[in-house]
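If you want the building blocks of each chain, they are given just below.
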Amino acid sequence: MPVPDDLAADYATAGFGGELTPGTRPALILVDPARAYVDPGCSLYAGVDEPVRAMRALLAAARRAGIPVVVTEVRLRADGADAGHFFRKSGGLVAFCEGSPFADFIEGLAPNADEFRVTKSYPSAFFGTTLHSYLTAQRVDTAVIAGLSTSGCVRATALDALQHGFVPIVVEDAVGDRDRRVHEANLFDIAHKIGEVWALDRTVDYLGGLGPRADAVLTGTG
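Keep in mind that this is a model prediction, so the values were computed, not measured.

Q: Looking at this structure, how should I read the pattern of salt bridges?
A: Side chains carrying opposite charge are able to pair once their charged atoms draw close together. Counting across every chain of the model gives 11 salt bridges. Among the ionic pairs, aspartate 79 bridges to arginine 77, the shortest N-O distance being 2.7 Å. Here aspartate 79 falls in the partly exposed class, since its relative accessible area comes to 44%. Arginine 77 sits in the partly exposed class, given a relative accessible area of 44%. For the salt bridge of aspartate 189 with lysine 193, the shortest nitrogen-to-oxygen distance reads 3.4 Å. Here lysine 193 and aspartate 189 lie together in helix α6 (residues 180–193), a separation of four residues that amounts to about one turn. Owing to a relative accessible area of 42%, lysine 193 belongs among the partly exposed residues under this scheme. Taken together, the shared-partner salt bridges in this structure form one network comprising Glu73, Arg75, Asp104 and Arg117.

Q: Explanation requested: unusual backbone geometry in the structure shown.
A: The phi angle of most residues is negative, glycine excepted, and most peptide bonds adopt the trans form. Note the cis peptide between leucine 148 and serine 149, where omega equals -10°. For serine 149, the location among the structural elements is in the loop between β4 (142–148) and α5 (150–163). In this structure, aspartate 32 takes a positive phi of about 45° despite not being glycine. Mapped onto the secondary structure, aspartate 32 falls in the loop between β1 (26–31) and α2 (49–65). Looking at aspartate 32, the relative accessible area reads 2%, which means it is buried.

Q: Sorry, what's going on with the packing of α2 against helix α7 (residues 200–208) here?
A: Helix packing for two helices is described by the angle between their axes and how far apart those axes are. Across the interface, α2 lies against α7 with an axial gap of 9 Å and an inter-helix angle of 10°. Here α2 is positioned roughly parallel relative to α7, judged by the angle of their axes. Where α2 abuts α7, its residues Ala54, Ala57, Leu58, Ala61, Ala62, Arg64 and Ala65 lie against Leu200, Thr203, Val204 and Leu207. Looking at side-chain class alone, the contact of α2 with α7 contains nine nonpolar, one polar and one charged residues.

Q: In this structure, what is going on with the nonpolar core? I would like to understand it.
A: It is characteristic of soluble globular proteins that their nonpolar side chains tend to be buried jointly. Grouped together as the largest cluster of nonpolar side chains are 44 residues, with contacts concentrated most on Tyr37, Met55, Leu58, Leu76, Phe96 and Leu207. Only β1, α2, β2 (69–74), β4, β5 (167–176) and α7 provide two or more residues apiece to this core. In this structure, methionine 55 is in contact with Leu30, Leu109, Ala146, Gly147, Leu148 and Ala174, ignoring residues within four places of it in sequence. Membership of the second largest hydrophobic core comes to 24 residues, among which are Phe126, Cys153, Val154 and Phe166.

Calculation rules
Residues take numbers from 1 onward in each chain, read along the sequence in its written order. Given that this is a predicted model, residues contribute local features only at a pLDDT of at least 70 and side-chain atom pairs are listed and counted only at 80 or more, while totals for whole chains, interfaces and linings are drawn from all residues. Side-chain metrics rest on all non-hydrogen atoms present in the structure, leaving aside hydrogens and water. Any carboxyl oxygen of Asp or Glu within 4 Å of a side-chain nitrogen of Lys or Arg constitutes a salt bridge here. Residue exposure (1.4 Å probe, protein chains only): buried if accessible area is under 20% of the type maximum, exposed if over 50%, otherwise partly exposed. Each helix is a run of H or I in the DSSP string that is no shorter than four residues. Each strand is a run of E no shorter than two, and both are numbered from the N terminus. Orientation is described by lines fitted to C-alpha atoms, with helices fitted over the stretch in contact, and by angles between N-to-C directions that extend from 0 to 180 degrees. Here roughly perpendicular refers to angles of 65 to 115 degrees, roughly parallel to angles under 35, roughly antiparallel to angles over 145, and oblique to all remaining angles. Contacts between residues were defined by any pair of non-hydrogen atoms, one from each residue, lying within 4.5 Å. Any residue outside Ala, Val, Leu, Ile, Met, Phe, Trp, Tyr, Cys, Pro, Asp, Glu, Lys and Arg is labelled polar, Gly included; the first ten of those are nonpolar and the last four are charged. We call a set of buried residues a nonpolar core when its members are Ala, Val, Leu, Ile, Met, Phe, Trp, Tyr or Cys and they connect through side-chain atoms within 4.5 Å of each other.

Below, the structure written as structure tokens:
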């Protein structure tokens, strides 16, 4: 995340950017890996092939570690009424209305039968869903977040993770947006005000080092 030195210094002087220490009971939250963002036929196409590849690698690492996996999707009524003002503000959400193929999961990023699938109508994976209850029941303390898009649903989910008491870790290689400048600005702000922003390799190492503690998340032991 290259930023001007004076900007980084200004944020540091203001006291932003304190470090959060991740716990030993993480869950992966994969936000809206929808076909809309990778299909050039959709107005939401964002050219995020590289982040998608990183998402697949991260998902595989989470499954190897045995941690809870959450995959979210946006599914709306044909008239978009269940998304209220959000639908009126963001017309591209028609891609997620009933009957649209663009709402389908990107190949290789759909949840398995034993993983938690969250259907939502608004940006945050927590808003109007049972995600908080699910993570609390699993004794999760850290939310590893990837998906689309950085400035929208990823940021909203990271903020709500923080506000619900989880340490948010946004995986910078595994999130993407339609404009690189917007993507980088939001990662900078997330890193200074909301949570940690880690590279994919660091995140995979973290998950790989959990050992038997990951099993404890699922069994309620440890």
